[in-house]
Amino acid sequence: MNSALLGRVVTFILCLLLISPVASSAASAGQFVTGVSGPVAGYILDSNSGNLRPILGILGSSTLGKPMDLGYTLDQALTLGPRFAIVSASGNAELQILDLETSPPSAAAIAGVPSGPSVAVASLHATSAAVYHPEARQVWILTGLPQKPKVSHSIDLSLLGQVKQMAVRDDGQVLVFSAIDRGEESLYAWSAALESIRVLTPTVSIGGIAMTGNGGAIVADRGTNEVFAFWDAGGASIRQFLVGAEDGVASPVGVAVSASGRIHIANSASSTTMTLDPGGRFLSIQNCGCDISGVYPLKDFVYRLTNRMDRTIFLLDASTAEDRLLFIPTPEGER
């Protein structure tokens, strides 16, 4: 073998050694998806295009990618981390589970669950979900998420008013929800163990509900500017006041619980996020200076706080010991 050929062989081997660990690491982390180059931090539904848009790069220095071409239009999307989403697509009678890592992205029907729900929520670790359809006046609880979704329970709510907010436990055995009947809103709980629906408390206007890892329900009432808990929502449900207007609660529009059990409240009137410890005691408050519209799961205890695509998108990163407010700038030409 001459020296020139030997040099080319050595160069080729060195390139393989340099590239392989990077490719292997990215694949194992599930960061790369068909049609998108580079790491993906999650997806956001763009209602204007009817498609998902990837958040490209690492959180803290990420950008909003262009809408993905899935070949069909999405009406709704509930993300289950950076890979899966439950979606309603135009022309489909049933909800779909979308896998964004297949090539091309694949969708499979969730049998027996109609598309077009008015409320859809995922559990703390996205292993279960609850879907409410206003025409059927029914809630379907899905378990086995994300890869093997199945209907575990179907709950008839025809005797109640329209459901506004919901939260479901990771195992799909407890559901907490608010419903309006004759102009009055109340909080309810359903449990598989009791196979019944119970009234927990009357409310004014529920802004958000979240379930803790051990089955507690954290509830924010934007009508009274207070946050309260039912620590055993599926059993002996006793209401405990946590924080109120004097603590900084101001028209709350969302609640989330992190992996460590910390409680996060999004306040639309003050553009702040408030953090409580797992026992409900006040820890801190941060101001994003943004128009907070809710708490929308993005991935691994990272939540989107705003929903407009023509403005900077703000995120709450509750995945580490210190909460962070992050932002994704609006791409040039869309401002």
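Residues numbered from 1 in each chain as written. Predicted model: local features only at pLDDT ≥ 70, side-chain atom pairs only at ≥ 80, totals over all residues. Heavy atoms only, no water.

A.B. asks: Is there a simple way to explain the environment of Gln162 in this structure?
C.D. replies: On the secondary structure map, Gln162 appears in strand 12 (residues 162–168). Remark: the alpha-carbon pair of Gln162 and Ile180, spanning 18 residues in sequence, is separated by 5.5 Å. Apart from the residues within four sequence positions on either side, Gln162 is in contact with Ser118, Tyr132, Pro134, Ser178, Ala179 and Ile180. (Helix = DSSP H or I, 4+ residues; strand = E, 2+ residues; numbered from the N terminus. Contact = heavy atoms within 4.5 Å.)

A.B. asks: Where do I start with the sheet that holds strand 26 (residues 313–317) in this structure?
C.D. replies: Sheet strands pair by backbone hydrogen bonding; their relative direction is either parallel or antiparallel. Reading across from one edge, 24-25-26-27 is the order of the four strands in this open sheet, with antiparallel pairing throughout. A single partner strand is all that each edge strand has here, and the edge strands are strand 24 (296–299) and strand 27 (324–328). Ignoring which end each strand starts from, the neighbouring axes of this sheet average 35 degrees apart. Bridging between strand 26 and strand 27 involves five bridges; their strand directions are antiparallel. If you follow Leu316 over to strand 27, its bridge partner there is Leu325. (Pairing = 2+ DSSP bridges. Axes fitted to C-alpha atoms, helices over the stretch in contact; angles between N-to-C directions.)

A.B. asks: Explanation requested: the packing of aromatic side chains in the structure shown.
C.D. replies: How two aromatic rings sit relative to each other is given by the distance of their centres and the angle of their planes. A complete count under the given rule lists three aromatic pairs for this structure. An angle of 15 degrees between the planes, with centres 5.3 Å apart, marks the rings of Phe177 and Tyr188 as stacked. Of the two residues, Phe177 sits in strand 13 (residues 174–181) while Tyr188 sits in strand 14 (residues 184–191), which places them 11 residues apart along the sequence. Overall, the relative accessible area of 0% leaves Phe177 in the buried class. The aromatic ring of Phe228 is capped on one face by Arg239, whose charged end is 3.7 Å from the ring centroid. (Phe/Tyr/Trp six-rings, centres within 6.5 Å; stacked < 30°, edge-to-face > 60°. Buried < 20%, exposed > 50% of the residue type's maximum accessible area, 1.4 Å probe, protein only. Lys NZ or Arg CZ within 6 Å of the ring centre and 35° of its normal.)

A.B. asks: How should I be thinking about the state of the cysteines in this particular structure?
C.D. replies: Disulfide: a covalent bond formed between the sulfur atoms of two cysteine residues. On inspection of all chains with the given rule, the structure shows one disulfide. Between the sulfur atoms of Cys288 and its disulfide partner Cys290 the distance amounts to 1.9 Å. In this structure, the disulfide formed by Cys288 and Cys290 twists by about -85 degrees around the S-S bond and is classed as left-handed. Across the pair, Cys290 and Cys288 agree in class, each one buried. (Disulfide = S-S within 2.5 Å.)

Interpretation note: all reported values are geometric properties and have no functional meaning in isolation.
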